[in-house]
Amino acid sequence: MKKIFAVSLISMIVVNVASGAVPWWERPTVCKLDTTDCYSKMGLGYDSEIWDTNSSCWGMKLICPEALTSSESQPIPMGKKEIAKGTGINKDFDTSLLNGDCFGARKTTSNGAMASINGKYEKVWCNGILDRPDEFLENGEITYGAQPTCEELADYGYVAVVNDNCYGKEYDLSEYYIECSGDDLLPSRIILLNGADYTNQSGNIPTDRSAANKIFDKMESVSKTQRQKYFNN
């Protein structure tokens, strides 16, 4: 009797499938994992062989070492909920951006001319300006410490203005004099030397920046007086 029942059951399944009925494993009443919140596709930057327990999905994102608050030398797989909470992730990095073979690139703005450092957007300096850059980005270099001052930049002939997608416009010090004042990052004046030979030694050559500023102030005052005298009308 049991054998007859088993044969009849198998016959029913075969007949149902053959007649176009939906197989039981494809019917909507069968419990299935909800993959709505899972990654729709994986590739570079993912580990597709790891089960994400918290989201009940296969696959985890590989987060770059520099984007983590812990000291790591290799990318670390992280679950979606961990990433959403920002657990162990450096706030200066965007984990939605692919950075080589892992996720996590430094946040930038102003077409890449400003980068997030310690939660604050700082200037990305054009290559070659910083004495000891801490990190190189697509558009230039950054320092984690104190930013360069106007006078430090002027010593090398640079001014802190945008130069394409980075900061630092160069002036030929044989043709221009960059004058800084106070704590302002931008110069107070940029003076055209009109072809003067600054290498020519003379008795009144300024010995420091303060002496040079006094000479330029006097020159400006004399020029203003002469202009008022001859061009007042």
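Structure shown above.
Residues numbered from 1 in each chain as written. Predicted model: local features only at pLDDT ≥ 70, side-chain atom pairs only at ≥ 80, totals over all residues. Heavy atoms only, no water.

S.K.: Could you give an account of the sheet that holds strand β6 (residues 108-109), with specific residues and numbers?
M.R.: Hydrogen bonds between backbone atoms are what pair the strands of a sheet, whose relative direction is either parallel or antiparallel. Strand order in this open sheet of 3 strands is β6-β7-β8, and the pairing throughout is antiparallel. Unpaired on one side and paired on the other, β6 and β8 (120-123) mark the two borders of the sheet. Relative to β8, strand β7 (residues 114-117) is paired through 4 bridges, and the arrangement is antiparallel. The residue bridging S116 from the neighbouring strand is Y121, located in β8. (Pairing = 2+ DSSP bridges. Helix = DSSP H or I, 4+ residues; strand = E, 2+ residues; numbered from the N terminus.)

S.K.: Explain the state of the cysteines to me, using residue names and the numbers behind them.
M.R.: One pass over the structure, following the stated rule, counts 4 disulfides. Bridging C126 to C166, the disulfide has an S-S length of 2.0 Å. Between C126 and C166, the S-S dihedral sits near 95 degrees, and the bridge is therefore right-handed. Pair noted here: C126 is in the loop between β8 and β9 (135-136) and C166 is in strand β12 (residues 166-170), with a separation of 40 residues, a long-range link. Each member of the pair, C126 together with C166, is buried. Bridging C150 to C180, the disulfide has an S-S length of 2.1 Å. On the S-S bond that ties C150 to C180, the torsion sits near -75 degrees, and the link is left-handed. With C150 in helix α3 (residues 150-154) and C180 in the loop between β13 (176-179) and β14 (189-192), the pair connects residues that are 30 residues apart, well separated along the chain. Of the two residues, C150 and C180, both sit in the buried class. Counting only the cysteines that form disulfides, in the order they appear in the protein, gives the pairing 1-2, 3-4, 5-7, 6-8. (Disulfide = S-S within 2.5 Å. Buried < 20%, exposed > 50% of the residue type's maximum accessible area, 1.4 Å probe, protein only.)

S.K.: Talk me through the nonpolar core; I want residue IDs and the actual numbers.
M.R.: Listed in full, the 11 residues of the largest apolar core are A113, M114, W125, C126, I129, L130, L153, Y158, A160, C166 and Y167. Excluding its chain neighbours within four sequence positions, the residues that come into contact with I129 are E141, L153, Y158, Y167 and G168. Among the nonpolar cores identified, the runner-up in size contains 9 residues, and I63, I83, I89 and F93 belong to it. (Core = buried A, V, L, I, M, F, W, Y, C linked by side-chain atoms within 4.5 Å. Contact = heavy atoms within 4.5 Å.)

S.K.: Summarise the pairing of β14; cite the residues concerned and give the values.
M.R.: The alternating pattern of β14 places R189 and I191 on a buried face, while none of I190 and L192, on the opposite face, is buried. Here β13 pairs with β14 via 4 bridges, running antiparallel. The residue of β14 that forms the bridge with I178 is I190.

S.K.: So, the packing of aromatic side chains: which residues are in play, and what are the values?
M.R.: Counting across every chain of the model gives 5 aromatic pairs. Both rings, one in Y46 and one in F103, keep their centres 5.3 Å apart while their planes meet at 70 degrees; by these two values the pair is edge-to-face. Taken as a pair, Y46 in strand β1 (residues 46-52) and F103 in strand β5 (residues 102-106) lie far apart in primary sequence, 57 residues in all. Under the relative-accessibility criterion, F103 is labelled buried at 6%. Pairing Y171 with Y176 gives two aromatic rings, centres 5.2 Å apart and planes at 75 degrees, and the pair type is edge-to-face. Y171 sits in the buried class, given a relative accessible area of 17%. Owing to a relative accessible area of 28%, Y176 belongs among the partly exposed residues under this scheme. An aromatic cluster of three or more residues is present, and its members are Y39, Y46 and F103. Across from the ring centre of Y39, 4.8 Å away, lies the NZ or CZ of K80, which sits over that ring. When the ring centre of Y167 is taken as reference, the NZ or CZ atom of K123 above it lies at 5.0 Å. (Phe/Tyr/Trp six-rings, centres within 6.5 Å; stacked < 30°, edge-to-face > 60°. Lys NZ or Arg CZ within 6 Å of the ring centre and 35° of its normal.)

All we've got here are geometric facts, nothing functional implied.
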